[in-house]
Amino acid sequence: MKRFFFIFLLCFGILLLVALVSAFVVKFDTGGSTQPAEQVNEGWHTSDGQAVKLDDLPIKDGAFDVFYRFPDSQDFGEDFSLISTDVRFTVLLDGREVYTYNPEILAFYGTTYGNDIHLISLADATYGSVLEIRGEALDTSMWAGFRQAYLGSGNLYIRHLIRDEMWKFLISFLTFAAGLLITLLGLFFSREKELRLETIALGIFAITISLWTVTGTYMIQIIAGNPGLVRLVNYLSLMILPASGITLVACLTGRTKSWFVFIIYIIGALDIIMHFGGMVTHTKDYHTLVPVTHVALVLAVLFAIIMFLQSLRRKPKQGEEKNYTVLIAFGILVFTGLIDLGLFYFTDSADMARFSRFGLLLFVGILAAHELHQFIEISEKSHEIEVMDRLAHMDALTGLKNRTSLNEYEFTLKHESEGVAIFVVFDINYLKKVNDTWGHSAGDAFIRNGAAIIEQGFGEKGWIFRTGGDEFFAVIFSPEERREQELLAFYAEGEKKMSKLLKEHNEKEESPIPLQIAYGMSVYHCRQRNLEEQEQLADSRMYEHKMWLKQAEAEA
């Protein structure tokens, strides 16, 4: 039943998630325009009349100066919106400065800031106006310029940009959330050392890969408003990726002590030191040292393949076969990442995680299915262990706790430095006579009836144990010594209640052998450390009561 409810709630959660994602993916017909009015990547000219594209600026000596003339028939709108990459610039309308972008590049940002989004108001523009952009590239050793330039509503531009980038952002965000959840589960809920390390490694890798892919989207620039810091996170997550990836593979293949792991750690540490050393001395930038990171990535992939092949040669440990599912998902992600790595050196795309996101989507899907399967298995095993533990500590006939439970409870009481307890020993009279006369099934019923009365009398305030065939033991405990009188009152109340229940039972059953229970009590003070003595005292008082009952019956 628990499994059914879990699957039902999971399906309901997935349905809500699909509905949420659909809100960003499925097109909504507004009956009007939802796109920026006019894309203006083309139609630009240099001062000497040469036609150029805005995403292919002619940069000479690090500077550029291009202009765009509004046609008489063009509906240009109110805003000029575009994305800049590693340039500082000024926008002029009919010779008048309307916008200046001159960001402060902090040392740890490197020599550039990455990508930033601009919404420039052109409220005074008219037909035939001239729009001019003057600026310079911050670093001529890498691509610099503009992308996605539009004339029209700035609000529609941002909405359009968010819509185009949302699916990328959602993949990265869901991966980050899954990684964070897995890491927390590993830190606080995994008991086995190896399982904890494997879970944490998986979570950290998911967080790292999500941070690298999400910084390639414009969503973070829109949300954060700090392109320089986004660029830092992008490169830093890429630097950490080889170490987190090799750690995950090492945990999954059971080779955490492999030299491959330490080699990648050392290379990764040197890579970070070189990058930040270059930043501090202003001699190197992230993009000039990124080949070192790529070498670490390629080595990590090669070492991961070797470790995987080595793990295939030996017989896997119990449960380790399931790790191959995660390794396959990891392999898909690595393959798509290598494609993006190759494209980095042969294209000028602003998004260097295009294929990696598809690999990440498959990775998250396979990982989610794997973790769900593991969770169900663990839940079933936990339930089995719980049932077995309950059976080991429960008396099958009466449903009360058994002798094993009493032994464990006695051990706990012995280690209490303060507190007081009342021990009550019970014995059901005439059980042998019932067994001999009507059989053991009648004797079992006799025991169950006696156990039910004892539990109703004393179970509300204490613990009841069946310690033998017709023998029971009750403990009424308080951690405060001053509550001794209160416990004695509980005992007296239970004694009266049990006597009343016995009388009612015997009148109702009208059995020739009435149910009769002898009992004796003692008070145990934890600081006196005389538990066995008090148990024996309660037992001797029970026998005294037993003899008194028999004598009273004989006299009657």
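The coordinates are above.
### Let's talk about the overall build of the protein chain
In step 1: Looking only at helices and strands, one finds 14 helices and 14 strands in the protein chain.
In step 2: Of all intrachain contacts in the protein chain linking residues separated by at least 6 positions in sequence, the fraction that spans at least 24 positions is 75%.
In step 3: Per element, the accessible surface of the protein chain, about 30100 Å² overall, is 60% carbon and sulfur.

### A word on the packing of aromatic side chains
In step 1: Tallied over the entire structure, the rule returns 20 aromatic pairs.
In step 2: Ring geometry for Y101 versus Y113: centroids 5.4 Å apart, planes at 75°, classification edge-to-face. In this pair, Y101 sits in strand β7 (residues 96–101) while Y113 sits in the loop between β7 and β8 (115–121), placing the two residues 12 residues apart along the sequence. Across this residue pair, the class does not change: Y101 and Y113 are buried.
In step 3: Relative to F173, the ring of F169 has its centre 6.0 Å away and its plane inclined at 20°; by these criteria the two rings are stacked. Placement of the pair is F169 and F173 together in helix α2 (residues 154–188), with a separation of 4 residues, close to one helical turn.
In step 4: In this arrangement the basic side chain of R147 is found over the ring face of W143, its NZ or CZ atom lying 3.9 Å from the centre.
In step 5: Directly above the ring of F490 sits K461, whose terminal nitrogen or CZ lies 4.7 Å from the centroid.

### Description of the pattern of salt bridges
In step 1: Scanning the model with the defined rule gives 14 salt bridges in all.
In step 2: Between R466 and D395 there is a salt bridge, and its shortest N-O distance comes to 3.1 Å. Placement of R466 in strand β12 (residues 463–466) and of D395 in the loop between α9 (354–392) and α10 (403–414) is noted, with a sequence separation of 71 residues between them.
In step 3: Classification of R466 as buried rests on a relative accessible area of 13%.

### A closer look at α10
In step 1: The terminal C-alpha atoms of α10 lie 16 Å apart, and with 12 residues this matches the ideal 16 Å at 1.5 Å per residue to within 8%.
In step 2: Turning to α10, its buried residues are S405, L406, Y409, E410 and L413. Looking down the long axis of α10, one finds its buried residues gathered within 140° of arc, a one-sided arrangement.
In step 3: Looking at the buried side of α10, the elements it contacts are β11 (420–428), β12, β13 (471–478), β14 (517–525) and α14 (531–555).

### Some words on a nonpolar patch on the surface
In step 1: On the surface, F108, F176, L180, L184, L187, F188, L211, L229 and V233 cluster together into a nonpolar patch covering about 750 Å² of accessible area.
In step 2: Elements represented by at least two residues in the nonpolar patch include exactly α2 and α5 (227–253).
In step 3: Ranked by the residues each element gives to the nonpolar patch, the list is headed by α2, at 5 residues.
In step 4: With respect to the helices and strands, L211 occurs in helix α3 (residues 193–214).

### Describing the pairing of β11
In step 1: β11 sits mainly inside the fold: 9 of its 9 residues count as buried.
In step 2: Burial along β11 is two-sided: V420, I422, V424, F426 and I428 facing one way and A421, F423, V425 and D427 facing the other are all buried.
In step 3: When β11 meets β13, the two strands line up antiparallel, connected through 8 bridges. Residue pairing across strands places I422 opposite I476, the latter belonging to β13.

### Thoughts on the side chain of R147
In step 1: By the secondary structure assignment, R147 is in strand β10 (residues 145–152).
In step 2: It turns out R147 is buried and unbridged, and the closest side chain with the opposite charge, D55, is 6.7 Å from it.
In step 3: For R147, the side chain forms a polar contact with the side chain of T85, separated by 3.4 Å.

### Focus on the sheet that holds β13
In step 1: Ordered in space as β12-β13-β11-β14, the 4 strands form an open sheet in which the pairing is antiparallel. Across the chains shown, the open sheet's two edge strands, defined by having one partner strand only, are β12 and β14. Between one strand axis and the next, the sheet turns by 20° as a mean value, whatever way the strands run.
In step 2: Bridge count for β12 against β13 is 4 bridges, and the pairing is antiparallel. Its bridge partner being in β13, W463 is matched across the sheet by V475.
In step 3: Helix α12 (residues 440–458) rests against β11, β12, β13 and β14 of the sheet, and its axis sits at about 155° to β11.

### Concerning the packing of helix α6 (residues 259–281) against helix α7 (residues 286–313)
In step 1: Taken N-terminus to C-terminus, the directions of α6 and α7 make an angle of 175°; their axes are 10 Å apart at the nearest point. With respect to α7, the axis of α6 lies roughly antiparallel. The residues of α7 that touch α6, namely those facing F260, V261, I263, I264, I267, D271, M274, H275, F276 and M279, are Y286, L289, V290, V292, T293, A296, L299, A300, F303, I306 and M307.
In step 2: Residues of the contact of α6 with α7, tallied by class, amount to 18 nonpolar, 2 polar and 1 charged.

### A closer look at the nonpolar core
Side chains that are nonpolar tend, in soluble globular proteins, to be buried together.
In step 1: In terms of nonpolar packing, the biggest core is built from 39 residues, with L202, F205, I246, M307, F330 and F363 touching the most fellow members.
In step 2: Of all the secondary-structure elements, those providing two or more residues to this core are α2, α3, α5, α6, α7, α8 (323–346) and α9.
In step 3: In terms of residue count, the dominant contributor to this core is α5 (10 residues).
In step 4: Those residues within four positions of F205 in sequence are excluded, and the remaining contacts are L241, S244, G245, L248, F330, L333 and F363.
In step 5: Formed by 30 residues, the second largest nonpolar core is a distinct cluster that contains L431, A474, F490 and M521.

### Brief notes about the packing of α5 against α6
In step 1: Orientation of α5 relative to α6, taken along the N-to-C sense of each, is 170°, at an axis distance of 9 Å. For the element pair α5 / α6, the angle class is roughly antiparallel. Contacts between α5 and α6 pair L232, L236, M239, P242, A243, I246, T247 and A250 from the former with V261, I264, Y265, D271, I272, H275 and F276 from the latter.
In step 2: Of the residues assigned to the contact of α5 with α6, the class counts are 12 nonpolar, 2 polar and 1 charged.

### Let's talk about the sheet that holds strand β4 (residues 63–69)
In step 1: The 6 strands lie next to each other as β3-β2-β4-β9-β6-β7, forming an open sheet whose pairing is antiparallel. Both edges of this open sheet fall to β3 (51–52) and β7, since each of them pairs with a single strand only.
In step 2: Two elements, strand β6 (residues 87–93) and β7, share 5 bridges in a ladder whose sense is antiparallel. Across the sheet, the residue bridging to F89 is Y101, located in β7.

### Looking at α7
In step 1: Helix length check: α7 (28 residues) gives 40 Å between terminal C-alpha atoms against 40 Å at 1.5 Å per residue, within 8%.
In step 2: In α7, a bend of some 25° at V292 exceeds every other bend along the element.

What counts and how
- Residues numbered from 1 in each chain as written.
- Predicted model: local features only at pLDDT ≥ 70, side-chain atom pairs only at ≥ 80, totals over all residues.
- Heavy atoms only, no water.
- Helix = DSSP H or I, 4+ residues; strand = E, 2+ residues; numbered from the N terminus.
- Contact = heavy atoms within 4.5 Å.
- Areas by Shrake-Rupley, 256 points an atom, 1.4 Å probe, with all protein chains shown as cover.
- Phe/Tyr/Trp six-rings, centres within 6.5 Å; stacked < 30°, edge-to-face > 60°.
- Buried < 20%, exposed > 50% of the residue type's maximum accessible area, 1.4 Å probe, protein only.
- Lys NZ or Arg CZ within 6 Å of the ring centre and 35° of its normal.
- Salt bridge = Lys/Arg side-chain N within 4 Å of Asp/Glu carboxyl O.
- Expected span 1.5 Å × (residues − 1).
- Arc of directions from axis to C-beta.
- Patch = residues over 30% accessible without salt bridge, like charges linked within 9 Å, V, L, I, M, F, W, Y side chains within 5 Å.
- Pairing = 2+ DSSP bridges.
- Lys, Arg positive; Asp, Glu negative; His and termini not counted.
- Polar contact = N/O pair within 3.5 Å; in protein donor to acceptor, adjacent residues only side chain to side chain.
- Axes fitted to C-alpha atoms, helices over the stretch in contact; angles between N-to-C directions.
- Parallel < 35°, antiparallel > 145°, perpendicular 65-115°, else oblique.
- Nonpolar A, V, L, I, M, F, W, Y, C, P; charged D, E, K, R; others polar.
- Core = buried A, V, L, I, M, F, W, Y, C linked by side-chain atoms within 4.5 Å.
- Bend = angle between axes of the 7 residues up to and from the residue.

Just distances and angles here, no functional claims.
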